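# Residue-level structural notes
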Amino acid sequence: MHQQGENTRALGLPAAPAPPQRPLRAPVHRSTTYAFGSSREYADVLAGEAPGYSYARIDTPTASAFAAAVAAMEGAGCDREVRGEAFASGMGAVSSTLLALTGAGAHVVASRSIYGNTYSLLDGLLRRFGVHTDFVDITDTAAVRAAVRPETAVVFTETLSNPTMTVSDLPALGGIADEAGAVLVVDSTFATPAVCRPLEHGAGVVLHSATKYIGGHSDATGGVAVGGADPMARVRAARIDLGPCLAPDEAFLLHRGLETLPLRVARQCESAAAFAAAVAGHPAVERVDYPGLPGHPGHGLAERLFDAGRRGAVVTVTPRGGREAGMAFADALRTATIGASLGGTHTLAGHVGSTTHRQMSDTALREAGIGPAAVRFSIGLEDADDLAADARAALDAACGGR
Ligand SMILES: Cc1ncc(COP(=O)(O)O)c(C=O)c1O
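Please read all numbers here as calculations on a predicted model, not as lab measurements.

### Quick look at the environment of leucine 207
Topologically, leucine 207 is positioned in strand β8 (residues 205–209). Expressed as a C-alpha distance, the spacing of leucine 207 and glycine 48, which sit 159 residues apart in the sequence, is 24 Å. Setting aside anything within four residues of it in sequence, one finds leucine 207 in contact with Ala93, Val94, Thr97, Phe156, Val185, Val186, Asp187, Ser188, Thr189, Val224 and Ala225.

### Let's talk about unusual backbone geometry
Comment: phi is negative for the bulk of residues other than glycine, and the bulk of peptide bonds are trans. Residue proline 163 follows asparagine 162 across a cis peptide bond; omega there is -5°. Take proline 163: it is sitting in the loop between β5 (160–161) and β6 (166–167). With phi around 80°, serine 341 is a residue other than glycine that occupies positive phi space. Secondary-structure assignment places serine 341 in the loop between β12 (337–338) and β13 (348–351).

### Some thoughts on the packing of helix α4 (residues 90–101) against helix α5 (residues 116–128)
Contact pair α4 / α5: the axes reach a minimum separation of 11 Å and the direction vectors enclose 40°. For the element pair α4 and α5, the recorded crossing hand is right-handed. Across the interface between the two elements, Met91, Val94, Ser95, Leu98 and Leu99 from α4 touch Asn117, Thr118, Leu121, Leu122 and Leu126 from α5. Of the residues that constitute the contact of α4 with α5, the class distribution is 7 nonpolar, 3 polar and no charged.

### Some details on the site of the ligand
Around the ligand lies a shell formed by Ser89, Gly90, Met91, Tyr115, Glu158, Asp187, Thr189, Phe190, Ser209, Thr211, Lys212 and Gly222. Between the ligand and threonine 211 there is a distance of 2.7 Å, counted from an oxygen atom to a side-chain nitrogen or oxygen. Here the ligand loses 86% of its free accessible area of 390 Å² to cover by the protein chains. Among the residues forming the shell around the ligand, the class breakdown is 3 nonpolar, 6 polar and 3 charged.

### Concerning the domain arrangement of the chain
Each assigned domain of the chain is listed here: domain 1 (60–259) and domain 2 (262–399). The C-alpha centroid of domain 2 is placed 25 Å from the C-alpha centroid of domain 1. Contacts between domain 1 and domain 2 engage 31 residues on the former and 35 residues on the latter. Both sides of the domain 1 and domain 2 interface together cover about 2500 Å² of buried area, and 64% of this is carbon and sulfur. Interface area lost by domain 1 to domain 2 is led by Pro163, Val195 and Tyr213, which between them contribute 27%. Linking domain 1 with domain 2 are 2 salt bridges, by the criterion used here. A salt bridge links aspartate 307 to arginine 197, with the nearest nitrogen and oxygen atoms 3.0 Å apart. Applying the counting rule to domain 1 against domain 2 returns 11 residue pairs in polar contact (both at pLDDT 80 or more). Looking at the side of domain 1 that touches domain 2, the elements that each hand over two or more residues are β6, α7 (170–180) and α9 (248–259). It is α9 that provides the largest number of residues to the side of domain 1 that touches domain 2, a total of 3 residues. For the side of domain 1 that touches domain 2, the residue count by class is 15 nonpolar, 12 polar and 4 charged.

What counts as what
- Residues numbered from 1 in each chain as written.
- Predicted model: local features only at pLDDT ≥ 70, side-chain atom pairs only at ≥ 80, totals over all residues.
- Heavy atoms only, no water.
- Helix = DSSP H or I, 4+ residues; strand = E, 2+ residues; numbered from the N terminus.
- Contact = heavy atoms within 4.5 Å.
- Axes fitted to C-alpha atoms, helices over the stretch in contact; angles between N-to-C directions.
- Left-handed = near helix turned anticlockwise from the far one by under 90°.
- Nonpolar A, V, L, I, M, F, W, Y, C, P; charged D, E, K, R; others polar.
- Near = heavy atom within 4 Å.
- Polar contact = N/O pair within 3.5 Å; in protein donor to acceptor, adjacent residues only side chain to side chain.
- Areas by Shrake-Rupley, 256 points an atom, 1.4 Å probe, with all protein chains shown as cover.
- Domains from an automatic or database assignment.
- Buried area = accessible area lost by both parts, 1.4 Å probe.
- Salt bridge = Lys/Arg side-chain N within 4 Å of Asp/Glu carboxyl O.

Below, the structure written as structure tokens:
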């Protein structure tokens, strides 16, 4: 009888059996491929006619579990079935969704104040492929309606936009998109499902950079899209063709982050509200953008659309003076750290005009409602009193004489 060689035997060692008890933590499935009992089973799984996994770019149990968990949170109040797809980054989710829902000759109406790479995707790459985007003031519902054309396929906005924390009127935008036969796509990265669930307010697809609040610890990059069966079948097909699949290790970390999302975000929102109120009273401050403050233009909408007491955790503080005043203020902070990104446990601060909006002149910034000295804070989990004391001391030190 033929005796197998050591290499064949090494490759045929028994795989770990599935444990009889469900592990409390969903395991990380790193396998890129799966073993089938028959060619028929392989063909059926690939064709989507039988449940299962075939190849890691298509699905892994770890990424699917994460996507399903986000879908459960975003769809908590929906009476229709919603599905999630996980991506390697927020931009993976944005680009796959926009490519899935448009095509040459299609038209997009997008908010003028959206994340910079989403803007350049729409204004550059997608325009080159024949998708035309009109950028509008998303708070001007009449302007949005006027921009819609018969070929409008997508209305795109962010629940809360950077850095002014502009709140989108999702029900009004959803109504306009519906009438036009278009899909309202909402990037809800700044809000998270712990603050607002856009699918309950007229969105067709909601997107996230999971790198931010969902992961929450500044240690994993990912994205996610959630929506009804029809748009998500198209988004899924685009994801598979384009390839920005979420790696299993990242999916594990992001899924773990999701478990504490409501706790973290509730606390971050509470601290942000206290921080905004404490800093707004400082004599060197020109304005504070935070929808929890009664004077913010989105205050009323946030009351209607957001969960009680949760108004987001990004606060933009604009000291009096120009760019130098803003940079000096950021440099004088000691508890907050100067850094990119948002949504993590550490409070991060950044001077807007020299970083996220560096391409804009002072005049362009002012036209967009942003002061040249604006500093954006992503409020973390430090004690709120310490954050407010830090900002007030930094304002005294950098702008005290103003
Ligand atoms: C609102 C928003 N959308 C999308 C993205 C892109 O996310 P990612 O960096 O995970 O690709 C970001 C990143 O900062 C963002 O702030």
